[in-house]
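Structure assessment
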Amino acid sequence: MRNRHGLVMAVVALALVSALTQAAESATAQQQVRANMGAFRARENQLIEAAEKLSTPRMADGRIDLTGTFPTDFYMAGTQANRAGGNIILISPEYGRGGRQPMPADGPKYKPEHLAKVDFNDINQPKVDGTFHCGWPGTPRIGSPQQIFQTPREVVFLYKDYSGMVWRVIPTDGRKHRDVDPTYFGDSVGKWEGDTLVIDSVNFVEDTWFGERGYFHSDKMRVTERITRKGDVLYWEARVEDPEVLAAPYLIKQRKFRKAAEGTLLEEPPRCVENDFKDMVNMDNHGQR
Amino acid sequence: MRPFIALAALLAFGAIATAHHSPVAVFDMDKRVTQKGTFKAVHWTNPHVNFDVEVLKDGKPMTWQFESHGVSYFTRNGIRLRDFQAKIGLGVEVLAQPAINGNPFGFVRVMKFADGTEFKMFED
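The residue numbers shown here count from 1 along each chain, following its written sequence. Whichever chain is written first becomes A and whichever ligand is written first becomes 1, with later ones labelled in order. Given that this is a predicted model, residues contribute local features only at a pLDDT of at least 70 and side-chain atom pairs are listed and counted only at 80 or more, while totals for whole chains, interfaces and linings are drawn from all residues. The side-chain numbers reported here are obtained from all heavy atoms of the structure, hydrogens and water having been left aside.

All right, on to the overall build of chain A then. Elements are defined by DSSP. Helices are runs of H or I of four residues or more, strands are runs of E of two residues or more, and each kind is numbered from the N terminus. Tallying secondary structure elements over chain A gives three helices and eleven strands in all. Going from the N terminus to the C terminus, chain A shows its helices and strands as α-β-β-β-α-α-β-β-β-β-β-β-β-β. What makes two residues a contact is simply this: any of their non-hydrogen atoms within 4.5 Å. For chain A, long-range pairs separated by at least 24 residues make up 58% of all intrachain contacts whose partners lie at least 6 apart in sequence. The method behind every accessible area is Shrake-Rupley, applied with a 1.4 Å probe, and residues are considered shielded solely by the protein chains displayed. Carbon and sulfur atoms form 56% of the exposed surface of chain A, whose accessible area is close to 14,800 Å².

See the structure below:
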């Protein structure tokens, strides 16, 4: 009996050691993933600093030339990839355990009567956010263009979006806003202020949000994007005004994107197919954009 | 302090997130399920890539679907659709986090193919 008890204890001890070893290996893999993320960010910052020091191209008319491909889909930067022996090893960071995050202190300031709707949207995002179901994010939520073509009269923005392929053609020759139907990306006109392209967009549908935390808007929204370039780095920021629902304009802070190698073309995004909503048992969600 | 990294923290430099829902909303993060069967299809879609595995239940074939990250997660790391298409028809053993609602659906962690190769997303 004592021997049997000892055997059981030994098996339990072995199992415990095995479990602890596995946990330690897993922790090590996660530490490596975090280190990779840190290294990626540090390297990307260095590359951006170096790219900013390159000469800034100009058009024949003297305007700064924004033409180029500026990828934004740096996803899962910490992934440890290894393809040795025909394997596909992509060790990802483990997911968080959900739970609603506090609303950001520097988020948009809504009029008091609209705060409850923002709260509802944030809590019910998978139900009420069109982008969850592959809908267009609209301007400005789509972010910066990933490929730009510039002529003396127009700039063309191309987006490889999660929802599909999106383009915008923005006149820069003094044309005024058109009398057209409201759209997801709005009616845009651009003008140059020195080396910065300032894009004024109006005439939006009300279906989109301008930020992931339930930031809805009215059809009176006006978006001002400011885009410039230094060397091979694109700078993009946007200001959102909506006198119907916002108590003050909201600024989407400047983001920087490094130009891809000359000649890099955008790849067509895959089809977006929402497959999970039917299996969700709660509305937990994490950041989209 | 959250024990794991929130996905939003992984996105670098204001990049577009191909994130969708939190896995917590669909999958049991603390459970593991293992299914053995035949690798039948890969759905190369956003917001998530999905894999179909045909298994036998009570002698009858049924399909389990296993979800992974978005396409850019793979392409950024040099993995293409053809890499998974090459596995179609092979036997496979899948370790996954099962759907909470009991449907034949899981979030893939490791797939071991009958040719000796594996697709691994997490350490287990």
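Another point: the pairing of strand β6 (residues 164–171) of chain A. Residues and elements named next belong to chain A. Two strands form a pair only when DSSP identifies at least two bridges running between them. Bridge count for strand β5 (residues 154–161) against β6 is eight bridges, and the pairing is antiparallel. Paired with Glu154 across the bridge in β6 is Pro171. If you look at the hairpin formed by β5 and β6, you'll find two residues sitting between the two strands.

Our focus in this paragraph is the sheet that holds strand β8 (residues 196–202) of chain A. All names here are of chain A. One open sheet accounts for five strands, arranged β7-β8-β9-β10-β11; its pairing is antiparallel. A strand with exactly one partner marks an edge of an open sheet, and here the two such strands are β7 (187–193) and β11 (250–258). The sheet shows a mean angle of 20° between the axes of neighbouring strands, taken without regard to direction. When strand β9 (residues 222–230) meets strand β10 (residues 233–241), the two strands line up antiparallel, connected through nine bridges. Axis lines are fitted through C-alpha atoms, for helices just across the contact stretch, and the angle between N-to-C directions can take any value from 0 to 180 degrees.

Further remarks concern the sheet that holds strand β4 (residues 147–150) of chain A. Sheet strands line up and pair through hydrogen bonds in the backbone, either parallel or antiparallel. Judged by pairing direction, the sheet is antiparallel, and its four strands sit side by side in the order β1-β4-β5-β6 (chain A) without closing on themselves. On the outer flanks of this sheet lie β1 (68–69) and β6 of chain A, each paired with one strand and no other.

Here we come to the side chain of Asp161 of chain A. Looking at where Asp161 of chain A falls in the secondary structure, it is placed in strand β5. Throughout this description, a polar contact denotes any pair of N or O atoms lying within 3.5 Å of each other; where both atoms belong to protein, one of them has to be capable of donating a hydrogen while the other can accept it, and for residues adjacent in sequence the pair is counted only when both atoms sit in side chains. Separated by 2.5 Å, the side chains of Asp161 of chain A and Ser163 of chain A make a polar contact.

Looking now at the packing of aromatic side chains. All names here are of chain B. Any two of the Phe, Tyr and Trp rings considered here, Trp counted by its six-membered ring, make a pair once their centres fall within 6.5 Å; the pair's planes then place it as stacked at under 30 degrees, edge-to-face at over 60, or tilted in between. Overall, the coordinates contain 24 aromatic pairs over all chains when judged by the stated rule. Ring geometry for Trp44 against Phe74: centres 5.5 Å apart, planes inclined by 40°, an arrangement best described as tilted. You can see Trp44 sitting in the loop between β1 (33–43) and β2 (50–57) and its partner Phe74 sitting in helix α1 (residues 71–75), a full 30 residues away along the chain. Phe74 carries the same exposure label as Trp44, and that label is buried. When the ring of Phe51 is compared with that of Phe119, the centres are 5.9 Å apart and the planes differ by 65°; the resulting orientation is edge-to-face. Taken together, the residues Phe51 in strand β2 and Phe119 in strand β6 (residues 118–120) connect sequence positions 68 residues apart. A simple rule labels every residue: compare its accessible area, found with a 1.4 Å probe on the protein chains alone, to the largest value its type can have, and call it buried under 20%, exposed over 50%, or partly exposed in between. Exposure remark for Phe51: the relative accessible area of 0% places this residue in the buried category. Overall, Phe119 belongs to the buried group, its relative accessible area being 0%.

The next subject is the environment of Asp242 of chain A. All names here are of chain A. Counting through the fold element by element, Asp242 comes out in the loop between β10 and β11. In this structure Asp242 comes out as buried when scored by relative accessible area, which is 2%. Distance in space between the C-alpha atoms of Asp242 and Gly186 is 14 Å, their sequence separation being 56 residues.

The next subject is helix α2 (residues 115–123) of chain A. An α-helical segment advances 3.6 residues per turn. Residues three or four places apart therefore align on the same side. Residue and element names in this part refer to chain A. Taken together, the buried positions of α2 are occupied by Val118, Asn121 and Asp122. Projected onto a plane normal to the axis of α2, the buried residues spread over an arc of 100° and lie on a single side. Where α2 is buried, its residues meet α3 (125–128). In this description, one arc is meant: the one made by directions from the helix axis to the C-beta atoms.

Take the side chain of Asp52 of chain B next. All names here are of chain B. Its place among the elements puts Asp52 in strand β2. Only four residue types enter the charge count: Lys and Arg as positive, Asp and Glu as negative, with His and the chain ends excluded. By salt bridge we mean one thing: a side-chain nitrogen of Lys or Arg within 4 Å of a carboxyl oxygen of Asp or Glu. Lys40 provides the closest opposite charge to the buried, unpaired Asp52, separated from it by 9.4 Å. Residue contacts for Asp52: discarding those within four places in its chain leaves Thr38, Phe39, Lys40, Ala41, His43, Thr63, Trp64 and Gln65.

Before going further, it helps to examine the environment of Ala60 of chain A. Inspection of the secondary structure puts Ala60 of chain A in the loop between α1 (2–52) and β1. On the accessibility criterion, Ala60 of chain A (91% relative accessible area) is exposed.

On to the nonpolar core, then. The definition of a nonpolar core used throughout is a set of buried Ala, Val, Leu, Ile, Met, Phe, Trp, Tyr and Cys residues joined through side-chain atoms within 4.5 Å. With 37 residues, the main nonpolar core has Phe39, Phe51, Phe74, Phe84, Met111 and Phe119 of chain B as its most contacted residues. Residue assignment for this core shows that the elements contributing at least two residues are β3 (88–91) of chain A together with β1, β2, β3 (60–67), α1, β4 (91–98) and β5 (105–113) of chain B. In terms of residue count, the dominant contributor to this core is β5 of chain B (five residues). Sequence-distant contacts of Phe74 of chain B, defined by excluding residues within four places in its chain, comprise Leu90 of chain A together with Trp44, Val49, Ser68, His69, Ile79, Phe84 and Phe119 of chain B. Core analysis: the second largest hydrophobic core is formed by 33 residues, Phe70, Leu197, Ile227 and Ile252 of chain A among them.

Below, the discussion takes up the state of the cysteines. Residue and element names in this part refer to chain A. When two cysteine sulfur atoms lie within 2.5 Å, the pair is treated as a disulfide. Applying the stated rule across the entire model yields one disulfide over all chains. Disulfide pairing is shown between Cys134 and Cys272; the S-S distance is 2.1 Å. Between Cys134 and Cys272, the disulfide has an S-S torsion of -75° and is therefore left-handed. In this pair, Cys134 sits in the loop between α3 and β4 while Cys272 sits in the segment after β11, placing the two residues 138 residues apart along the sequence. Each of the two residues, Cys134 as well as Cys272, counts as buried.

In regions of low pLDDT, the predicted coordinates are not meant to be interpreted in detail. Across chain B, pLDDT averages 84, with 82% of residues at or above 70. A residue's pLDDT is the confidence the predictor assigns to it, expressed on a 0 to 100 scale. Mean pLDDT across the elements of chain B ranges from a minimum in α1 of chain B, with 88, to a maximum in β1 of chain B, with 98.

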